[in-house]
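# Chains, contacts and geometry: an overview
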Amino acid sequence: MDRQKVQAVLEAILFTMGESVEISRLAAVLEMDKKEIKEVLCEMQEKYDAQDRGISLLWLEESVQLSTKAEMYEYLIKIAKAPRKMVLTDTVLETLSIIAYKQPVTRLEIERIRGVSCDHAINKLLEYDLITELGRLDAPGRPLLFGTTEQFLRSFGVKSLEELPELSALQVEEFKQQAEEEAALA
């Protein structure tokens, strides 16, 4: 394997791992000796420094980690502090309320209540960390079970699910009617 390919493999491993990796493990994976791996890593570090890149190699005893250069931290803090805007459409909110009140609940149960597919809504709720997979139902096909997260409680200002307002039969009927109208438009 040529030097450039070795560098690419090392970079991919270190990026993916996100933590320090022992040089001996890198050597074993690439079937090279530790001295050669250290030489290649030093070449990579020189390249990162010469090209004024935002990444660097952090050397920790007999391990190495791909990391962000310290002078980039102020930009990382700005982006990390910027709140992710959560957009909860009516469909997503309806799906979330079904999960909150019926949990643990399967996708099929949610779709039975709503009368339409809920794949997009569930994916959005998982992305926003408002719901999580709780495991699998002990039934044919072993479907996933969904429930709410601590982020859900924080976002809606409640300390527990018991604090959620009670749903009236009229509200449940309105949900079903809205879902049927949505299905007719689709």
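Up top you'll find the structure we're talking about.
Residues numbered from 1 in each chain as written. Predicted model: local features only at pLDDT ≥ 70, side-chain atom pairs only at ≥ 80, totals over all residues. Heavy atoms only, no water.

For the rest of this paragraph, the subject is helix α2 (residues 23-30). Since one α-helical turn is 3.6 residues long, residues separated by three or four positions face the same way. Listing the buried residues of α2 in full gives Ile23, Leu26, Ala27 and Leu30. One side of α2 holds all its buried residues, which, seen down the axis, span an arc of 100°. Along α2, exposed side chains directed more than 90 degrees from the buried face belong to Ala28 and Val29. Of the surrounding secondary structure, the elements contacted by the buried residues of α2 are α1 (3-17), β1 (21-22), α3 (34-50), β2 (55-60) and β3 (63-68). In the segment just after α2, Glu31 is the residue with positive phi, at about 55°. (Buried < 20%, exposed > 50% of the residue type's maximum accessible area, 1.4 Å probe, protein only. Helix = DSSP H or I, 4+ residues; strand = E, 2+ residues; numbered from the N terminus. Arc of directions from axis to C-beta. Contact = heavy atoms within 4.5 Å.)

This structure, assessed with the given rule, holds 11 salt bridges. A salt bridge links Glu127 to Lys124, with the nearest nitrogen and oxygen atoms 3.5 Å apart. Taken together, the positions of Glu127 and Lys124, both in helix α7 (residues 119-127) and 3 residues apart, correspond to about one turn of that helix. Residue classification places Glu127 among the partly exposed residues on the basis of a relative accessible area of 45%. On the basis of relative accessible area, Lys124 is assigned to the partly exposed category, the value being 24%. Overlapping salt bridges bring together Arg3, Glu39 and Glu43 as one network. (Salt bridge = Lys/Arg side-chain N within 4 Å of Asp/Glu carboxyl O.)

Our next topic: the sheet that holds strand β6 (residues 144-148). Strand order across the open sheet formed by 3 strands is β4-β6-β5, with antiparallel pairing between neighbours. The open sheet is flanked by β4 (105-106) and β5 (131-136), the only strands paired with a single partner. The pairing of β4 with β6 spans 2 bridges and is classified as antiparallel. Along β6, the bridge assignment pairs Val105 with Phe146. Sheet strands in contact with helix α5 (residues 90-102) are β4, β5 and β6, and its direction is about 95° off that of β6. This element, α7, spans β5 and β6 of the sheet and lies at about 110° to β5. (Pairing = 2+ DSSP bridges. Axes fitted to C-alpha atoms, helices over the stretch in contact; angles between N-to-C directions.)

Moving on, we come to a nonpolar patch on the surface. A contiguous nonpolar surface patch, about 400 Å² in accessible area, is contributed by Tyr73, Leu76, Ile77 and Ile79. Structurally, Leu76 can be placed in helix α4 (residues 73-81). (Patch = residues over 30% accessible without salt bridge, like charges linked within 9 Å, V, L, I, M, F, W, Y side chains within 5 Å. Areas by Shrake-Rupley, 256 points an atom, 1.4 Å probe, with all protein chains shown as cover.)

This part covers the environment of Tyr128. Relative to the helices and strands, Tyr128 is located in the loop between α7 and β5. Here the alpha-carbon distance between Tyr128 and Lys85, two residues 43 residues apart in the chain, equals 9.3 Å.

Let us now look at the sheet that holds β3. If you trace the 3 strands from one edge of the open sheet to the other, you get β1-β3-β2, paired in antiparallel fashion. Strands with a single pairing partner mark the edges of an open sheet, and in this sheet they are β1 and β2. Of the pairings in the sheet, the one linking β2 to β3 comprises 6 bridges and is antiparallel in character. Residue pairing for β3: Leu58 is matched across the bridge by Gln65.

Between its first and last C-alpha atoms α3 spans 24 Å; for 17 residues at 1.5 Å apiece the expected length is 24 Å, and the two agree. Buried within α3 are the following residues: Ile37, Val40, Leu41, Met44, Gln45 and Tyr48. The buried residues of α3 occupy an angular sector of 145° when the element is viewed end-on, so they sit on one face. Residues of α3 that are exposed and angled more than 90 degrees away from the buried face: Lys35, Glu46 and Ala50. Residues of α3 that are buried in the fold lie against α1, α2, β2 and β3. Of the residues that open α3, the one with a side-chain oxygen 3.2 Å from the backbone nitrogen of Lys35 is Asp33. At the exit of α3 stands Asp52, carrying a positive phi of roughly 50°. (Expected span 1.5 Å × (residues − 1). Polar contact = N/O pair within 3.5 Å; in protein donor to acceptor, adjacent residues only side chain to side chain.)

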